[in-house]
Amino acid sequence: MSLPAPTPAGFLSAAAPGTRVVVRYRVEGGLTDALGHLVACDAGACTVRTRQADVVIPLERVVAAKEVPPAPARRRPRA
């Protein structure tokens, strides 16, 4: 018998800093995602470093989270 999957908050708490993650969380008016590297996670919030900024997400707003593969290499500009 397999173990039950951890909750999204449980996954984030157990993930090592530097893990590339996507986190879906509630905001006013709906849901949004943060894609980047996990910087830190404590009992109340996690921080994800996206391309634009560090995003601090309260764990009670997280509805889904998972590890994602490394970003693909950027393409060279067309000549």
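This text gives an overview of the structure that appears in the document. (Residues numbered from 1 in each chain as written. Predicted model: local features only at pLDDT ≥ 70, side-chain atom pairs only at ≥ 80, totals over all residues. Heavy atoms only, no water.)

## Quick notes on the side chain of T50
Counting through the fold element by element, T50 comes out in the loop between β3 (45-49) and β4 (54-58). At 2.8 Å, the side chain of T50 forms a polar contact with the backbone oxygen of A53. Every residue in contact with T50, bar those within four places of it in the chain, is listed here: A34, L35, G36 and V55. (Helix = DSSP H or I, 4+ residues; strand = E, 2+ residues; numbered from the N terminus. Polar contact = N/O pair within 3.5 Å; in protein donor to acceptor, adjacent residues only side chain to side chain. Contact = heavy atoms within 4.5 Å.)

## Some details on the environment of A9
Here A9 lies in helix α1 (residues 8-14). In sequence terms A9 and V62 are 53 residues apart; their C-alpha atoms lie 6.9 Å from each other.

## So, the nonpolar core
Of all hydrophobic cores here, the largest spans 13 residues; its most connected members are L12, V23, C46, V48 and I57. Mapped by element, the contributors of at least two residues to this core are α1, β1 (20-27), β2 (30-41) and β3. Filtering out sequence-adjacent residues up to four positions away, V48 remains in contact with V21, V23, A34, L35, G36, H37, V39, A53, D54, V55 and I57. (Core = buried A, V, L, I, M, F, W, Y, C linked by side-chain atoms within 4.5 Å. Buried < 20%, exposed > 50% of the residue type's maximum accessible area, 1.4 Å probe, protein only.)

## Re the pairing of β3
Every other side chain in a regular strand lies on the same face of the sheet, so the side chains alternate between the two faces. Within β3, four of the five residues are buried, which leaves the element mostly enclosed by the surrounding structure. Taken together, the four bridges between β2 and β3 define a ladder with antiparallel strand orientation. Bridged to A40 within β3 is T47. Count of turn residues in the β2/β3 antiparallel hairpin: three residues. The sheet contact formed by β3 and β4 spans five bridges and is antiparallel. Following the sheet pairing, A45 is matched in β4 by P58. If you look at the hairpin formed by β3 and β4, you'll find four residues sitting between the two strands. (Pairing = 2+ DSSP bridges.)

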